[in-house]
Amino acid sequence: MIGAQTITLVAIARSGEPGYLGLMAEIRTETTVTGCHGRVLSTSETDQTATQSGETVWKWTVPPVAAALSATSTGELIYDSVTYQIDGEPQPKCDLAGKLSHVTILARRQTG
């Protein structure tokens, strides 16, 4: 076990014929992953007269389960009822013996 946090990884796929405005139906597949460790990697805030915005990037260390290995940048990560966008591709990591030990996932949330 890597950590004590539980996350939900959401794989989002689009399929079928484009409908109104050319959008295809969205299929969301949620997978709960336990034994994770997340920490804030960076935060930034912009204060422009009429608009304020903030961005937080979390770094997650996740067990090497299929949902983590197949996550893509179109997917989402949910932690503590807050939804984050997966940023980039997951990075599988191996131990010194060459055995897959964990996956690193970056997740981003923008507010404002």
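Everything below is about the structure shown above.
The text that follows walks through the structure, step by step, so that each part is easy to find. Predicted, not measured: the structure shown is a model, and the values here were computed from it. (Residues numbered from 1 in each chain as written. Predicted model: local features only at pLDDT ≥ 70, side-chain atom pairs only at ≥ 80, totals over all residues. Heavy atoms only, no water.)

1. What to know about the pattern of salt bridges
Taken as a whole and judged by the stated rule, the model has five salt bridges. Note that Arg28 is salt-bridged to Glu26, the shortest N-O span being 3.7 Å. Residue class for Arg28 comes out partly exposed when judged on its relative accessible area of 39%. Glu26 sits in the partly exposed class, given a relative accessible area of 41%. A salt bridge links Arg108 to Glu55; its shortest N-O distance comes to 2.8 Å. (Salt bridge = Lys/Arg side-chain N within 4 Å of Asp/Glu carboxyl O. Buried < 20%, exposed > 50% of the residue type's maximum accessible area, 1.4 Å probe, protein only.)

2. So, the nonpolar core
With 17 residues, the main nonpolar core has Ile7, Leu9, Trp60, Val62, Leu77, Tyr79 and Ile105 as its most contacted residues. Mapped onto this core, the elements with two or more residues apiece are strand E1 (5-15), strand E2 (25-48), strand E3 (51-62), helix H1 (66-69), strand E4 (76-79), strand E5 (82-86) and strand E7 (100-111). Those residues in contact with Leu77, other than ones at most four positions away along the chain, are Ile7, Thr8, Leu9, Trp60, Val82, Thr83, Tyr84, Ile86, Ile105 and Ala107. (Core = buried A, V, L, I, M, F, W, Y, C linked by side-chain atoms within 4.5 Å. Helix = DSSP H or I, 4+ residues; strand = E, 2+ residues; numbered from the N terminus. Contact = heavy atoms within 4.5 Å.)

3. Re the state of the cysteines
Inspection of the entire model under this criterion finds zero disulfides. Free of any disulfide, Cys36 has its nearest cysteine sulfur in Cys94, 18 Å distant. The buried category is assigned to Cys36, whose relative accessible area is 0%. (Disulfide = S-S within 2.5 Å.)

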